[in-house]
Amino acid sequence: MNKKILLSIVFLIGLIYVYDNFFTKSMITGTYVSNGIGIDGPNKNDTLILLENNTYESQSWGKGEYTLKGNTITIHYDYEFGKASYQMSIERNFYIKPKLVFDFDQDYYFEKIK
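The structure displayed is predicted, hence computed values, not measured ones. (Residues numbered from 1 in each chain as written. Predicted model: local features only at pLDDT ≥ 70, side-chain atom pairs only at ≥ 80, totals over all residues. Heavy atoms only, no water.)

Engineer: Explanation requested: the overall build of the protein chain in the structure shown.
Structural biologist: When helices and strands are tallied, the protein chain shows 2 helices and 8 strands. Ordered by position from the N terminus, the helices and strands of the protein chain form the series α-α-β-β-β-β-β-β-β-β. Taken across its 114 residues, the protein chain has 30% of its residues classed as buried. For the protein chain, the exposed area adds up to about 7900 Å²; of that, 57% sits on carbon and sulfur atoms. (Helix = DSSP H or I, 4+ residues; strand = E, 2+ residues; numbered from the N terminus. Buried < 20%, exposed > 50% of the residue type's maximum accessible area, 1.4 Å probe, protein only. Areas by Shrake-Rupley, 256 points an atom, 1.4 Å probe, with all protein chains shown as cover.)

Engineer: Explain the nonpolar core here, please?
Structural biologist: A general feature of soluble globular proteins is that nonpolar side chains tend to end up buried together. One finds Leu48, Leu50, Trp61, Ile75, Met88 and Leu100 to be the most contacted residues of the largest nonpolar core, which totals 18 residues. Elements that contribute at least two residues to this core include exactly β2 (47-50), β5 (72-79), β6 (82-91), β7 (99-103) and β8 (108-112). Once you skip the residues sitting within four places of it in the chain, Leu100 turns out to touch Tyr32, Leu48, Leu50, Ile73, Met88, Ser89, Ile90, Tyr109 and Phe110. (Core = buried A, V, L, I, M, F, W, Y, C linked by side-chain atoms within 4.5 Å. Contact = heavy atoms within 4.5 Å.)

Engineer: Would you mind going over the packing of aromatic side chains with me for this structure?
Structural biologist: Two descriptors summarise a pair of aromatic rings, namely the distance from one centre to the other and the angle between the planes of the rings. As enumerated under the stated definition, the model contains 5 aromatic pairs in all. Ring plane angle 45 degrees and centroid distance 5.1 Å describe the contact between Trp61 and Tyr86, whose orientation is recorded as tilted. One end of the pair, Trp61, is in the loop between β3 (55-58) and β4 (62-69); the other, Tyr86, is in strand β6, and 25 residues separate them in sequence. An aromatic cluster is built from Trp61, Tyr77, Tyr79, Phe81, Tyr86 and Phe110, whose rings are joined through pairwise contacts. One Lys or Arg, Lys99, reaches over the ring of Tyr109 and ends 4.2 Å from the middle of that ring. (Phe/Tyr/Trp six-rings, centres within 6.5 Å; stacked < 30°, edge-to-face > 60°. Lys NZ or Arg CZ within 6 Å of the ring centre and 35° of its normal.)

Engineer: Would you take a moment to explain the pattern of salt bridges for this structure?
Structural biologist: A side chain with one charge may pair with a side chain of the opposite charge, provided their charged atoms come close. The final tally for this structure, using the stated rule, is 1 salt bridge. Asp78 serves as the salt-bridge partner of Lys83, at 3.1 Å between the closest nitrogen and oxygen. You'll find Lys83 and Asp78 in the same group, each marked exposed. (Salt bridge = Lys/Arg side-chain N within 4 Å of Asp/Glu carboxyl O.)

Engineer: It is not clear to me how unusual backbone geometry should be interpreted in this structure. Could you clarify?
Structural biologist: Peptide bonds are, in most cases, trans, and in most cases residues other than glycine have a negative phi. Residue Asn54 is not a glycine yet carries a positive backbone phi of 65 degrees. Inspection of the secondary structure assignment puts Asn54 in the loop between β2 and β3. Of the residues examined, Asn54 reaches a relative accessible area of 31% and is grouped as partly exposed.

Quick look at the structure:
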């Protein structure tokens, strides 16, 4: 009996880990809106549109490409001094749409709206 309970708990913890840390491209693509103030990054209400072909459109970064690895997304863009990138973590709680966190300390993120 105790072995079954322990095995069930380990399985549940593993399932929660997989749910919180692995994302497919179809889960991530869509339109996001920023809640940040825009000191060093996106402005408030900036939209970020992630497309299926690994490209994006954004008011802050223009058009470019993104890469998805595990629970991290990296936005690659051009600016006046050449090329740069911006890395964000992907988070979600149970039954909530994913959000792209760009400043943990101030709780700034892009929230998926569609």
